[in-house]
Amino acid sequence: MSEINLPEVELNIYSKNDPVEVTVVENYVVTKESSPNIVRHITFDVSGTELVDRVKVGQSVGVLPPGKDEKGKAHRLRLYSVSSPSSGEKGEKHLISTTVKRTIEELDNKLYLGVASNYLADLKPGDKVRVTGPSGRRFLLPENSQDFNYIFFATGTGIAPFRGMIQELFEKDFSNECALIFGCPYRTDVLYADYFEDMDEKYDHFHYLVSVSREARREDGSKYYVQTKLDDEKKLLSPILAKENTLIYICGMKGMETGIYTKLINQGHPEYLEIRKELPDDLNEIPDKKFKRFIKPGPRIFEEVY
């Protein structure tokens, strides 16, 4: 297998105590159909700052919302994954994009609005934002990215880095296998669908697989999740997994990795993982909170869950 050479990246060019002001140039909804969950694609113009051409796909930028909380303290910094390739949004090095879901929840009979997400979602082209970063040094494409096959697992806004990664791979005439497995509760929550559907139609070696968990059921009555695609699309995915130059990336809701790792072991692919303790015959017997005492990602898996 080719050696995995991760690029050297710069971190915290701008910090919380020394942020930089950038300009919003676009802000639009990225669900294909009308959805109760509002997710937006937001692009910043970083011209004139030290961020130009120095942010890699897979990294994050921080956003500092204006104002103070109920205790009189400045609102906390929030990190958002970059969804543009390293070459910049639309190939413009001074444009960096991210994907933001409005946080709207009811807690104890009170409506809670996420401070940073709603601040960003309200912004219009021309508005200014204080940002920090970049952050993140491992959830990156290798420098020798064309040497590998990829299986990307995403839930919700965890698709953000994969949008940029896939653009980056294919703008360089990528010829190996690439599969994107995306999971969400309802079909209205599918993100960037037009782009990925077009990619799937255009390239025989790009595979776009969607799991919608709260609508139809699988034949055995179980729900569709990202990990169930390893069974449902076994004919497609097993040959990719069997290749020694395949890498797996996982991004999204914390806990999603447990199901993926369980499927990998059950299908005979323990080489992707670090087995730390003797495993029970039934991996479902391992409590979720103790799972990583038994199983951790190996060098060929890149994980970012939250």
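## Considering the packing of aromatic side chains
In this description, a pair of aromatic rings is defined by centroid distance and the angle of the planes.
Thinking step 1. Enumeration over the complete set of coordinates arrives at 14 aromatic pairs.
Thinking step 2. Taken together, a centroid distance of 4.7 Å and an interplanar angle of 50° make the contact between Phe170 and Tyr203 tilted. Taken together, the positions of Phe170 in helix 2 (residues 160–170) and Tyr203 in the loop between helix 3 (193–202) and strand 11 (206–212) put the pair 33 residues apart, joining distant regions of the chain.
Thinking step 3. Arg300 extends its terminal NZ or CZ atom over the ring of Tyr272, reaching a point 4.1 Å from the ring centre.

## Examining helix 6 (residues 256–266)
Thinking step 1. In terms of residue burial, helix 6 counts as a mostly covered element, since nine of its 11 residues are buried.
Thinking step 2. Considered for burial, the residues of helix 6 that qualify are Met256, Glu257, Thr258, Gly259, Ile260, Tyr261, Thr262, Leu264 and Ile265.
Thinking step 3. Gly268, located one to two residues past helix 6, shows a positive phi value of around 85°.

## A word on the sheet that holds strand 8 (residues 128–135)
Thinking step 1. Here six strands make up an open sheet; going across it, the order is 4-3-8-1-2-5 and the pairing antiparallel. Edge positions in the sheet fall to strand 4 (78–81) and strand 5 (95–101), since each has one partner strand and no second. Going from strand to strand, the sheet's axes swing by 45° on average, the running direction of each strand aside.
Thinking step 2. Of the pairings in the sheet, the one linking strand 1 (residues 20–29) to strand 2 (residues 39–45) comprises six bridges and is antiparallel in character. Considered in strand 2, the bridge of Asn27 is made with Ile42.

## Quick word on the side chain of Gln267
Thinking step 1. For Gln267, the position within the fold is in the loop between helix 6 and strand 13 (273–275).
Thinking step 2. We classify Gln267 as buried; its relative accessible area is 16%.
Thinking step 3. Within the structure, the side chain of Gln267 is placed 2.7 Å from the backbone oxygen of Leu230, a separation counted as a polar contact.
Thinking step 4. Not counting residues up to four positions away in its chain, the partners in contact with Gln267 are Leu230, Asp231, Lys234, Ser238 and Leu241.

## Thoughts on the sheet that holds strand 11
Thinking step 1. Spatially, five strands are ordered 11-10-9-12-15 in an open sheet, and the strand pairing comes out parallel. Two strands in the sheet have a free side with no partner beyond their single neighbour: strand 11 and strand 15 (301–305). Neighbour-to-neighbour, the strand axes of the sheet open up by a mean angle of 10°, direction not taken into account.
Thinking step 2. Across seven bridges, strand 10 (residues 178–184) lies against strand 11 in parallel orientation. In the strand pairing of strand 11, Cys178 is matched with Phe206.
Thinking step 3. Together, strand 9 (149–155), strand 10, strand 11 and strand 12 (246–252) form the strand contacts of helix 2, whose direction differs from that of strand 9 by roughly 155°.
Thinking step 4. Helix-sheet contacts for helix 3 involve strand 10 and strand 11, and the interaxial angle to strand 11 is about 135°.

## A closer look at the pattern of salt bridges
Thinking step 1. Under the defined criterion, the tally for this structure stands at 14 salt bridges.
Thinking step 2. Across the pair Glu89 and Lys90 runs a salt bridge whose closest N-O atoms are separated by 3.9 Å.
Thinking step 3. Judged by relative accessible area, Glu89 falls into the buried class, the value being 2%.
Thinking step 4. What makes Lys90 exposed here is its relative accessible area of 60%.
Thinking step 5. For Glu215, the salt bridge is made with Arg187, and the minimal N-O distance between the two is 2.7 Å. With Glu215 in the loop between strand 11 and helix 4 (229–232) and Arg187 in the loop between strand 10 and helix 3, this residue pair connects regions lying 28 residues apart in the sequence.
Thinking step 6. Salt bridges sharing partners connect three or more residues here, namely Glu26, Glu89, Lys90 and Arg163.

## Regarding the packing of helix 2 against helix 3
Thinking step 1. Here helix 2 crosses helix 3 at 35°, and the two axes come no closer than 12 Å. In this structure, helix 2 meets helix 3 at a crossing whose hand is left-handed. Taking contact as the criterion, the partners of Arg163, Ile166, Gln167 and Phe170 in helix 2 are, on helix 3, Tyr195, Phe196 and Met199.
Thinking step 2. Here the contact of helix 2 with helix 3 is built from residues that sort into five nonpolar, one polar and one charged.

Parameters and conventions
Sequence order sets the numbering: in each chain, residues are counted from 1 along the sequence as written. Selection of residues for local features in this predicted model requires a pLDDT of at least 70, selection of side-chain atom pairs for listing and counting requires 80 or more, and totals for whole chains, interfaces and linings are taken over all residues. Side-chain calculation: all heavy atoms of the structure are included, whereas hydrogens and water are not. Centres within 6.5 Å make a pair out of two Phe, Tyr or Trp rings, where for Trp the six-membered ring is used; the pair is then stacked when the planes are under 30 degrees apart, edge-to-face when over 60, and tilted otherwise. For the purposes of this entry, the term helix denotes a DSSP run of H or I that reaches at least four residues, the term strand denotes a run of E that reaches at least two, and both are numbered from the N terminus. Lysine NZ or arginine CZ positioned within 6 Å of the ring centre and within 35 degrees of the ring normal marks a charge as sitting over the ring. Note on classification: 1.4 Å probe, protein chains only; a residue is buried when its accessible area is under 20% of the maximum for its type, exposed when over 50%, partly exposed between these limits. In this scheme, strands are said to pair when DSSP sees at least two bridges between them. All axes are obtained by fitting lines to C-alpha atoms, using only the stretch in contact for helices, and the reported angles, taken between N-to-C directions, cover 0 to 180 degrees. Polar contact is defined as a pair of N or O atoms within 3.5 Å, subject to the rule that within protein one atom must be able to donate a hydrogen and the other to accept it, and that residues adjacent in sequence are counted only when both atoms are side-chain atoms. Note on contacts: a residue pair is in contact if any heavy atoms of the two residues lie within 4.5 Å. We count a salt bridge whenever a side-chain nitrogen from Lys or Arg sits within 4 Å of a carboxyl oxygen from Asp or Glu. For a crossing to be left-handed, the near helix must be turned anticlockwise from the far one by less than a right angle; the clockwise case is right-handed. Put simply, Ala, Val, Leu, Ile, Met, Phe, Trp, Tyr, Cys and Pro go in the nonpolar bin, Asp, Glu, Lys and Arg in the charged bin, and everything else, Gly too, in the polar bin.

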